[in-house]
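# Coordinate analysis (summary)
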Amino acid sequence: MSENLDSNQAVAKRPAFLTVLCILSFIAAGFSIIGGLLLGLGKGAVEASGGSTEISTNMEGISTEGAAALEAVNAAFSWPYMITSMVLVIVGLIGVIKMWKLQKSGFYIYVGTAVAGIILPLVFGMAFAVFGTVITIGFIVMYGLNLKHMK
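Reference entry: report on the structure contained in this document. Please read these numbers as outputs of a predicted model, since none were measured by experiment.

## Some remarks on the nonpolar core
L18, C22, V96, M99, F107, Y110 and Y143 are the most contacted members of the largest nonpolar core, which totals 14 residues. For this core, the secondary-structure elements that each account for two or more residues are α1 (16-48), α3 (79-100), α4 (105-123) and α5 (130-145).

## With respect to the packing of aromatic side chains
Within a pair of aromatic rings, the relevant descriptors are the distance that separates the centres and the angle that separates the planes. Enumeration over the complete set of coordinates arrives at five aromatic pairs. Geometrically, the ring pair formed by F107 and Y108 is edge-to-face, given 5.3 Å between the ring centres and 75 degrees between the ring planes. Since its relative accessible area comes to 9%, F107 is described here as buried. Note on Y108: relative accessible area 51%, which makes it exposed. Members of the aromatic cluster, each reached through a chain of ring pairs, are Y110, F139 and Y143. Positioned over the ring face of W100 is R14, at 3.6 Å from the centre of the ring.

## So, the packing of α3 against α4
Their axes nearest at 7 Å, the elements α3 and α4 cross at an angle of 155 degrees. The angle between α3 and α4 falls in the class roughly antiparallel. Our pair here, α3 against α4, has a crossing hand that is left-handed. Taken together, the residues of α4 that come into contact with α3 (itself represented by Y81, T84, S85, L88, V91, G92, G95, V96, K98 and M99) are S105, G106, F107, I109, Y110, T113, A116, G117, L120 and P121. A class-by-class count of the residues in the contact of α3 with α4 yields eleven nonpolar, eight polar and one charged.

## What about the packing of α4 against α5?
In the contact formed by α4 and α5, the axes pass within 10 Å of each other and the chain directions differ by 170 degrees. With respect to their mutual orientation, α4 and α5 come out roughly antiparallel. Counted together, F107, Y110, V111, A114 and I118 of α4 and T133, T136, F139, I140, Y143 and G144 of α5 form the full contact between these two elements. When its residues are assigned to classes, the contact of α4 with α5 shows eight nonpolar, three polar and no charged.

Here is what the cut-offs are and how they apply
Residues numbered from 1 in each chain as written. Predicted model: local features only at pLDDT ≥ 70, side-chain atom pairs only at ≥ 80, totals over all residues. Heavy atoms only, no water. Core = buried A, V, L, I, M, F, W, Y, C linked by side-chain atoms within 4.5 Å. Buried < 20%, exposed > 50% of the residue type's maximum accessible area, 1.4 Å probe, protein only. Helix = DSSP H or I, 4+ residues; strand = E, 2+ residues; numbered from the N terminus. Phe/Tyr/Trp six-rings, centres within 6.5 Å; stacked < 30°, edge-to-face > 60°. Lys NZ or Arg CZ within 6 Å of the ring centre and 35° of its normal. Axes fitted to C-alpha atoms, helices over the stretch in contact; angles between N-to-C directions. Parallel < 35°, antiparallel > 145°, perpendicular 65-115°, else oblique. Left-handed = near helix turned anticlockwise from the far one by under 90°. Contact = heavy atoms within 4.5 Å. Nonpolar A, V, L, I, M, F, W, Y, C, P; charged D, E, K, R; others polar.

Here you go:
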């Protein structure tokens, strides 16, 4: 009848705050994966039909800022950027799953992919996303506050 746990064998319980953070991260990753797959399918369909997904920057009278914005859009729709983004989302999701299971290694995986996700647009010549960076840093800090509950 040792089915009852002794006080020394208390089962680790995930805090509600960590549960909410993980669920929000699961939702965000789900939207990112679905969006990435749909974008990739659309890009593949356009390319298979002989079309081009690249926006022409050789327009008469376009400003320098406008041309730079079009180049950023072209970079965002490039296969290398889309594949790298998808890999980061999936690896970050693995980190969140590990944190859900109260494994501290998940935090470090999550932080690595989050920082890489902040840097990735800069590598591809896109603008720095201030709002996305603030949200990402906020999640890193909030997950960090839960490190004491992870092993």
